[in-house]
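Next come the chains, spelled out residue by residue.
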Amino acid sequence: MAGDPVDGDPVDGGPVTGGDLAARQAELVAALVAGGPLPAGFAPAPVEAARRALLRKRAGDVARHWPLLAAGLGDAWAATFAGWAAGRPTSGSLRDGWDLARALRDRGTLPPLGAEELAAREAASRYDGRTAPRPRRLPAVARAGGAVAAQLAGRVRLLRPAPR
C-alpha cells in the first residue's frame, strides 16, 4: 500500500527492521484473513475492502470443492460462508467446506444437497477436523441430515437421499 513502511523507512521515529516488518505483515494478514485487529497505520476502509474480497475468493474456492453444498444454499451461499469464515483462518478449501458443512449440520441448517455431499465425503474419508482427510480403507457408512452413504471397495453410493 502506498505510504506503508518499507525496510529502512522511518516509522514512529526509528528505522523498520526485518523483524518489525515481519511482525507488521503478520498483523496485516491476521486482520485480512483471521479477524484480527487493524494494525496501526492502515486505513480501515481499504483493509475492509480487501478482507471482503478475500472472503469472496475463498467462498469461490470452497464452492469448487463443495458444489452441492454451495448449490443447496443458493443465493445464501456467500453470506453463509462469509458469516462462518469471517474470524477463521483458512485450512484449505476442502477442509473449510467440510467444517462449514458440519457446522450447518450441527445447527440443523444443512440443505439436503449439502447433506448428501457431506455423507458421501464422510463415507469416503476420515476427517477429524484437525488434520487432512485420509481415505478410508475399510467399508463405512455415514449419515448427515437424513442422507445415508456407504463406501465399499473405494466406491461411494448414496443409499438414501436427504429429505427435501
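Residues numbered from 1 in each chain as written. Predicted model: local features only at pLDDT ≥ 70, side-chain atom pairs only at ≥ 80, totals over all residues. Heavy atoms only, no water.

Q: In this structure, what is going on with the sheet that holds strand E6 (residues 147–152)? I would like to understand it.
A: Paired through backbone hydrogen bonds, the strands of a sheet run either parallel or antiparallel to each other. Spatially, E5-E6-E7 is the arrangement adopted by the three strands of the open sheet, whose pairing is antiparallel. Strand pairing shows two members of the sheet lacking a second neighbour, strand E5 (140–144) and strand E7 (155–160), which therefore form its edges. Strand after strand, the sheet turns through a mean of 25 degrees between neighbouring axes, direction not considered. Strand direction decides the pairing type here: E5 and E6, joined by five bridges, are antiparallel. Of the residues in E6, the one forming a bridge with Ala140 is Gln151. Its contacts with the sheet place helix H6 (residues 112–124) against E5, E6 and E7, and it is angled at close to 25 degrees to E6. (Pairing = 2+ DSSP bridges. Helix = DSSP H or I, 4+ residues; strand = E, 2+ residues; numbered from the N terminus. Axes fitted to C-alpha atoms, helices over the stretch in contact; angles between N-to-C directions. Contact = heavy atoms within 4.5 Å.)

Q: Any chance you could explain the nonpolar core here in plain terms?
A: Nonpolar side chains in soluble globular proteins tend to be buried together. The biggest cluster of nonpolar side chains holds 27 residues, and the ones touching the most others in it are Trp66, Leu69, Trp77, Phe81, Leu100, Leu110 and Leu118. At the level of secondary structure, the elements contributing two or more residues to this core comprise helix H2 (44–65), helix H3 (67–73), helix H4 (77–85), helix H5 (93–107), H6, E5 and E6. (Core = buried A, V, L, I, M, F, W, Y, C linked by side-chain atoms within 4.5 Å. Buried < 20%, exposed > 50% of the residue type's maximum accessible area, 1.4 Å probe, protein only.)

Q: Where do I start with the pairing of E7 in this structure?
A: A regular strand places its side chains so that they alternate between the two faces of the sheet. Examined bridge by bridge, E6 and E7 share five bridges and lie antiparallel to one another. In the strand pairing of E7, Gln151 is matched with Val156. Counting the residues in the hairpin turn of E6 and E7 gives two residues, including Ala153, whose phi is positive at 55 degrees.

Q: Quick question: what am I supposed to make of unusual backbone geometry here?
A: Backbone geometry follows two general trends: most residues other than glycine have a negative phi, and most peptide bonds adopt the trans configuration. You will see that Ala153, though not glycine, has its phi angle at about 55 degrees, which is positive. Its place among the elements puts Ala153 in the loop between E6 and E7. With relative accessibility at 70%, the residue Ala153 sits in the exposed group.

Geometric descriptors of this kind do not, in isolation, establish any biological role.
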